[in-house]
Amino acid sequence: MKKKRGLTLTMNPPESDVIKVDLHPISEDDDIGFFACMTIDRPDKLNALNAEVMASLKAVCAWMESSDDVRVLVVTGAAPKAPLEGKRAKPHAFVAGADITEFAGAGSGVIREKFRDNAVEALWNLSKPTIAMVDGFALGGGCEVACSCDVRIASNRSTFGTPEINLGLIPGYGATQRLERLVGYGKAHEMIMTGDMVPADEAQRIGLVNHVVSPEELEDTVFAMARRIGSKSSHTLRVGKQTVRAALDEGLTDGVELEAVAFANLFDSEDKEIGVQAFLNRETARWKHR
Ligand code: COA
C-alpha cells in the first residue's frame, strides 16, 4: 500500500517492464489526490504496442478505475535513450504503432483474438479524464491511443498518421471511427487512404490536437491541465465525460435530452451543493467526489 502525503492509495499502480506509472499530487498545498502519468517505455522500438504493452496498459486502466484518489491519467511515450557510440539516435516517439513484428505470419483468428476487448478500448472506456502527452511520432496504434484520450497536447516536433495502408491494412484500434469524429470524414479518409504524416501544426488546425507547444513546455503544460482538471469533482467529471461521449452515439435531440437528465441528477449530488456554497461564500470548494 503506497502512502503519499496524507493519502493512502488502496492499490499501488501495476508494475511492468514496458509501462511506468508515476503519481503526482494534484495540489502542492492540499491532500486532494493525484494524477497518474503512464509512460509507454520501449524507446528502442519507438514505444510500439506489443502484447506486453497492451496487457500492462489494460492493467493500468483497471487500476485507475479502482483508485479513487487518482483522478486523471496522462498517457505518454518514453524519450529516446542516448545512442551507443557510432549509432544513430532514435527519434522521439509517443507510440509508432502496433508492433509490426507481431503481424508477420499472423492470420485473422490470431488478430481477432488480440484486438478483441483490447487495451485501447479500455483506455477509451475509462470513466476518468485522460490526456495524451505527445512528443514525436504518433502513428497507427499510437495515433489511436491518442484519439482514445479525452484531450491531446503535442510538442511541435510531433507527427500524426495512420500508415497502416502501407502494410496492406486499415487501422484496427478505432481510428476509422474516433479519428473520423475528431477531424471529419474527408480528412480521415485522406489520412487513412494516403498514410501521409500530419505535422503537429496541421494536426491542431484539423482538430486532432488541442494544443501544440515546444518540447520544453510540453510536460508543464500537460501537468498543469491534469492538475486543473484533477482539482474538480471526480463525480461531476465522470458525468460530464459520459454526457459528452453520448454526443458520439446519440442524435442531437436524444443527446440534449440525456444532458437534461444528467444535469438535473447532479442537483442531488453533494458536490453540487458544495460547489454552489463555495461560490456564494467565496471559498475554495472541498469536493466529496459524490
Ligand atoms: N513496430 C515494431 N517496431 C517498430 C515500429 C513498429 N510499429 N516502429 C518502429 N519500430 C522499430 C524499428 O524497427 C527500429 O528497430 P531497430 O532499431 O531494432 O531496427 C526502431 O523502432 C527505430 O525505428 P526506425 O525505423 O529505425 O526509425 P526511423 O527514424 O528511421 O523511422 C518511423 C521512424 C516512425 C518513420 C518508422 O519507424 C516507421 O515507419 N515505423 C512504423 C510506423 C507504422 O507503420 N505504424 C503503424 C503500425 S500498424
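How each quantity is defined
- Residues numbered from 1 in each chain as written.
- Predicted model: local features only at pLDDT ≥ 70, side-chain atom pairs only at ≥ 80, totals over all residues.
- Heavy atoms only, no water.
- Helix = DSSP H or I, 4+ residues; strand = E, 2+ residues; numbered from the N terminus.
- Buried < 20%, exposed > 50% of the residue type's maximum accessible area, 1.4 Å probe, protein only.
- Phe/Tyr/Trp six-rings, centres within 6.5 Å; stacked < 30°, edge-to-face > 60°.
- Lys NZ or Arg CZ within 6 Å of the ring centre and 35° of its normal.
- Salt bridge = Lys/Arg side-chain N within 4 Å of Asp/Glu carboxyl O.
- 1 Å grid on protein atoms, 1.4 Å probe; cavity = no way out; pocket = protein on both sides within 12 Å on 5 of 7 lines; lining within 4 Å.
- Points joined across faces, edges and corners; volume = space filled by probe spheres on them.
- Nonpolar A, V, L, I, M, F, W, Y, C, P; charged D, E, K, R; others polar.

> Just give me the short version of unusual backbone geometry, but keep the residues and values in it.
The phi dihedral of Leu46 is positive, around 50°, even though this residue is not glycine. Following the sequence through the fold, Leu46 ends up in the loop between β4 (34-40) and α1 (51-66). A positive phi angle, close to 55°, is found at Asp117, a residue other than glycine. Take Asp117: its relative accessible area is 54%, and that puts it in the exposed class.

> Could you give an account of the packing of aromatic side chains, naming the residues involved and the relevant values?
Under the defined criterion, the tally for this structure stands at 4 aromatic pairs. Pairing Phe35 with Phe223 gives two aromatic rings, centres 4.9 Å apart and planes at 65°, and the pair type is edge-to-face. Separated by 188 residues along the polypeptide, Phe35 in strand β4 and Phe223 in helix α8 (residues 215-230) bring together distant segments of the chain. With a centroid separation of 4.3 Å and 10° between ring planes, the pair formed by Phe115 and Tyr173 is classed as stacked. Of this pair, Phe115 sits in helix α2 (residues 108-115) while Tyr173 sits in the loop between β10 (159-161) and α5 (175-183); the two residues are 58 residues apart in sequence, bridging distant segments of the chain. Following the ring pairs from residue to residue traces out a cluster consisting of Phe103, Phe115 and Tyr173. Stacked on the ring of Trp124, the Lys or Arg Arg178 has its end atom at 4.7 Å from the ring centre. One cation-aromatic arrangement involves Arg245 over Trp124; the distance from NZ or CZ to the ring centre is 3.4 Å.

> Go over the pattern of salt bridges, please, and point to the residues and values.
Here the structure, examined in full by the defined rule, presents 18 salt bridges. The shortest N-O distance in the salt bridge between Glu270 and Arg290 comes to 2.7 Å. On the criterion of sequence distance, the pair formed by Glu270 in helix α11 (residues 270-280) and Arg290 in the segment after α11 is long-range, its members being 20 residues apart. According to the relative accessible area criterion, Arg290 is partly exposed, its value standing at 47%.

> Any chance you could break down empty space enclosed by the protein for me, citing the residues and the numbers?
Enumeration according to the criterion identifies 1 cavity of 30 Å³ or more in this entry. Around the largest cavity sit Arg71, Ser127, Lys128, Pro129, Ser234, Leu237 and Arg238, which together line it. The greatest single-element share of the lining of the largest cavity, amounting to 3 residues, is contributed by helix α9 (residues 234-249). Of the residues in the lining of the largest cavity, the class split is 2 nonpolar, 2 polar and 3 charged.

Remember, this is a structural readout, not a statement about activity or role.
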